[in-house]
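An overview of the molecular structure
For reference, the chains in residue letters:
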Amino acid sequence: MTKKHGKRHRAATPASADATPWQDRPRAAPGIVTVVPGRSFDLASVDPASDGGFEKEAAGEALKAERTRISALQERLYAEHRRSLLVVFQAIDTGGKDGTIRNVFQGVNPQGCRVWSFKVPSAEELDQDFLWRYHAKVPGRGLIGVFNRSHYEDVLAVRVKDLVPEKIWRERYGLINDFERLLTLSGVTVLKFFLHISKEEQKERLESRLVEPDKHWKFDPADLVERKSWDAYQSAFTDALSRCSTPYAPWHVVPANRKWYRNLAIARTVADTLEAMDPQFPEPKPGIAGLTVSD
Ligand code: AMP
Ligand code: MG
């Protein structure tokens, strides 16, 4: 193969052609429970109030340091332009997805980061296969993508609200695993966080949305109806976490009652994951040594 061909081939091939597909993942931050692939998992065994042994007083500074790491590594990922990172957030209503995204990705160059929030599907989206709208938003090379809700809604809200027959949503766990495997083999590192809060904590958060005028906009009366399905959601979460934790895209369960802990633990895990990806600045273009810029 000529050099010219080799170059053309590389440009047209998914970035993973020379990336490690089944990556050795860094461990998640202390307190986060990573669901062991292939083993049954009990969500109730995770204490939502845990703080992983972190100190609240030091958490603010520690979070800043993690953001600095994320920002520096993101610049390399962007410059390298070969692989990408997809960070998925799932949680029950008020679980803290928005606050986490605001706190963890603050300071990241907006040009290299895309955040997508998935709501009730549109008529156009419902006319397609369930993964269509998510696949279209997967971050391209060099980007960090954040999913605020995700393809998991199609085995969570859809299941709890009985929007499709059981035989349809049951098939989806395997389809989701195949989809995430496809992404991984295409150079996308898939990092999934489930924010775990207690039922009491949700009550307090809903009450504060009702009481504090600045939070009224966040209050959706439908959340009160959804709260009545708390147990059904916990079962649906447990199944999704158990069936879709894989060696290439494991689920991380984050105790999320304490916001300061949640932010820090997730920021550290994101930074560690980027560090393990080890993005490199590309080689300088040939022939720049000795060049000068004209006046
Ligand atoms: P929020 O995130 O509070 O703005 O609410 C978005 C709503 O959209 C939630 O009630 C989700 O359960 C719902 N939602 C998101 N994705 C889907 C989906 N694929 N099917 C049905 N409902 C969904
Ligand atoms: Mg809501």
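Each remark here, short or long, concerns the structure printed above.
Throughout what follows, the structure given in this document is the object of discussion.

Rules and cut-offs
- Residues numbered from 1 in each chain as written.
- Chains lettered and ligands numbered in written order.
- Predicted model: local features only at pLDDT ≥ 70, side-chain atom pairs only at ≥ 80, totals over all residues.
- Heavy atoms only, no water.
- Near = heavy atom within 4 Å.
- Areas by Shrake-Rupley, 256 points an atom, 1.4 Å probe, with all protein chains shown as cover.
- Helix = DSSP H or I, 4+ residues; strand = E, 2+ residues; numbered from the N terminus.
- Pairing = 2+ DSSP bridges.
- Contact = heavy atoms within 4.5 Å.
- Axes fitted to C-alpha atoms, helices over the stretch in contact; angles between N-to-C directions.
- Salt bridge = Lys/Arg side-chain N within 4 Å of Asp/Glu carboxyl O.
- Buried < 20%, exposed > 50% of the residue type's maximum accessible area, 1.4 Å probe, protein only.

Looking now at the site of ligand 1. As a matter of local geometry, ligand 1 sits amid 13 residues, with K119, V120, R133, R149 and E153 nearest to it. Computed on the free molecule, ligand 1 has an accessible area of 500 Å², of which 79% lies beneath the protein chains in the complex. Elements with a contribution of two residues or more to the shell around ligand 1: α5 (132-135) and α6 (157-160).

With that settled, consider the sheet that holds strand β2 (residues 84-91). Here we have six strands laid out as an open sheet, ordered β1-β6-β5-β2-β4-β3, and mixed in their pairing. Edge positions in the sheet fall to β1 (33-34) and β3 (113-117), since each of these pairs with one other strand and no more. Sheet topology places β3 next to strand β4 (residues 144-148); five bridges connect them, and they run parallel. Considered in β4, the bridge of W116 is made with F147. Packing against the sheet, helix α3 (residues 97-104) makes contact with β2, β3, β4 and β5 (188-196), and its axis sits at approximately 145° to β2. Seen against the sheet, helix α7 (residues 166-185) touches β2 and β5 and runs at an angle of roughly 135° to β5.

Attention now goes to the pattern of salt bridges. For the coordinates displayed, the defined rule picks out 19 salt bridges. R69 serves as the salt-bridge partner of D272, at 2.8 Å between the closest nitrogen and oxygen. In this pair, D272 sits in helix α11 (residues 259-277) while R69 sits in helix α2 (residues 56-80), placing the two residues 203 residues apart along the sequence. Residue classification places R69 among the partly exposed positions, given a relative accessible area of 22%. In this structure, R172 and D154 form a salt bridge, with 3.7 Å as the shortest nitrogen-oxygen distance. Of this pair, R172 sits in helix α7 while D154 is found in the loop between β4 and α6, placing the two residues 18 residues apart along the sequence. On the basis of relative accessible area, R172 is assigned to the buried category, the value being 10%. Look at the salt bridges and you will find they share partners, linking E66, R69, R268, D272 and E275 into a network.

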